[in-house]
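Residue-level listing of the chains:
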Amino acid sequence: CSPGSLDPQEFVNDPIAGTVLSITEGAGVYIPNIRDFVPSLADTEYTVRIVVRISSNQLSGFRRLFNFNHGEDRGLYLNGNRFYLWQGYAHMNTGGGDGDGSPEYPADSWHSITATTRPNGPFHVYLDGASKTTWSEQPSWLAESSISSDELLFFNDNSPQECSVGGTNEQMELLLKSITVYDVK
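Here, residues in each chain are numbered from 1, in the same order as that chain's written sequence. Selection of residues for local features in this predicted model requires a pLDDT of at least 70, selection of side-chain atom pairs for listing and counting requires 80 or more, and totals for whole chains, interfaces and linings are taken over all residues. For the side-chain quantities, the full set of heavy atoms in the structure was used; hydrogens and water were omitted.

A. Just the nonpolar core, in detail. Ranked by size, the top nonpolar core spans 32 residues in total, and within it Leu65, Phe66, Phe83, Phe123 and Phe155 carry the most contacts. Each helix corresponds to a stretch of at least 4 residues labelled H or I by DSSP, and each strand to a stretch of at least 2 residues labelled E; elements are numbered beginning at the N terminus. By residue number, the principal contributor to this core is strand β4 (residues 46–53), which donates 4 residues. Whether two residues touch is decided by their heavy atoms; if any such pair falls within 4.5 Å, the residues are in contact. Contact partners of Leu65, with chain neighbours within four places excluded, come to Ile50, Ile54, Leu76, Tyr77, Leu78, Phe83, Ile113, Leu153, Phe154, Phe155 and Met172. What is meant by a nonpolar core is a set of buried Ala, Val, Leu, Ile, Met, Phe, Trp, Tyr and Cys residues, joined one to another through side-chain atoms within 4.5 Å. For the exposure calls, accessible area comes from a 1.4 Å probe over protein chains only, and a residue counts as buried if that area is under 20% of its type's maximum, exposed if over 50%, partly exposed in between.

B. A look at the sheet that holds strand β2 (residues 18–23). Two strands make a pair as long as DSSP finds a minimum of two bridges between them. If you walk across this open sheet you meet the 7 strands as β1-β2-β13-β4-β9-β10-β11, and the pairing is antiparallel. At either margin of the open sheet sits one strand with a lone partner, and together these are β1 (10–14) and β11 (130–135). Averaged over all neighbouring strand pairs, the angle between strand axes comes to 35°, with direction disregarded. In terms of strand pairing, strand β10 (residues 123–127) meets β11 through 5 bridges, oriented antiparallel. The residue of β11 that forms the bridge with His124 is Thr134. To get an axis, a line is fitted to the C-alpha atoms, and for a helix only the part in contact is used. The angle between two axes follows their N-to-C directions and goes from 0 to 180 degrees.

C. Up close: the pairing of strand β5 (residues 62–67). For β5, the buried fraction is high: 5 of the 6 residues fall into the buried class. Across 4 bridges, the pairing between β5 and strand β6 (residues 75–79) is antiparallel. If you follow Phe66 over to β6, its bridge partner there is Leu76. Relative to strand β12 (residues 152–154), β5 is paired through 2 bridges, and the arrangement is antiparallel. Within β12, the position partnered with Asn67 by the bridge is Leu153.

D. Spatial organisation of the pairing of β10. Most of β10 is tucked away, with 4 of its 5 residues classed as buried. Looking at chain direction, strand β9 (residues 110–117) and β10 are connected through 4 bridges and run antiparallel. Its bridge partner lying in β10, Ile113 is registered against Leu127. Counting the residues that bridge the hairpin from β9 to β10 gives 5 residues, and of these Asn120 lies at a positive phi of roughly 55°. Hairpin remark: β10 followed by β11, antiparallel, with 2 residues in the connecting loop; positive phi at Asp128, about 55°.

Right under this line is the structure:
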């Protein structure tokens, strides 16, 4: 996105991970033309793996990890150290549906987060290769977990052209080692 007055994102050296991208809060990153690479809409099937270091000061309130359908709130979030799959304004689900279904995310160290789904199937989240939470088949999977935008956004709540910080926005700053997207579950 075009962060305007935001500090530019830059590569930095991390003592553990080596060269990483320092994501500026409000800027995020995105993969353009994602629908050219993975099945989308009713045929959506994907596995997304990110390797990140998120500091504890970034885990208060809702913080978006990735956005399947920008312009909507649907996506994978962290909130208070827990994974949340926002499934529209009518409901939100945390794996168990009770607010405590997802185990806590361990801040201030490097982790691999993997999310995967297939048409009308469950949505799984793995942390460092271990299953952490599963949302069962969703009643409106097409609207909730399918890729319907031309871009897949990460760490940004709005769009590739719109960046903002603070307020009710769910941006986050972090260190990013890699993003990998597969066209299969």
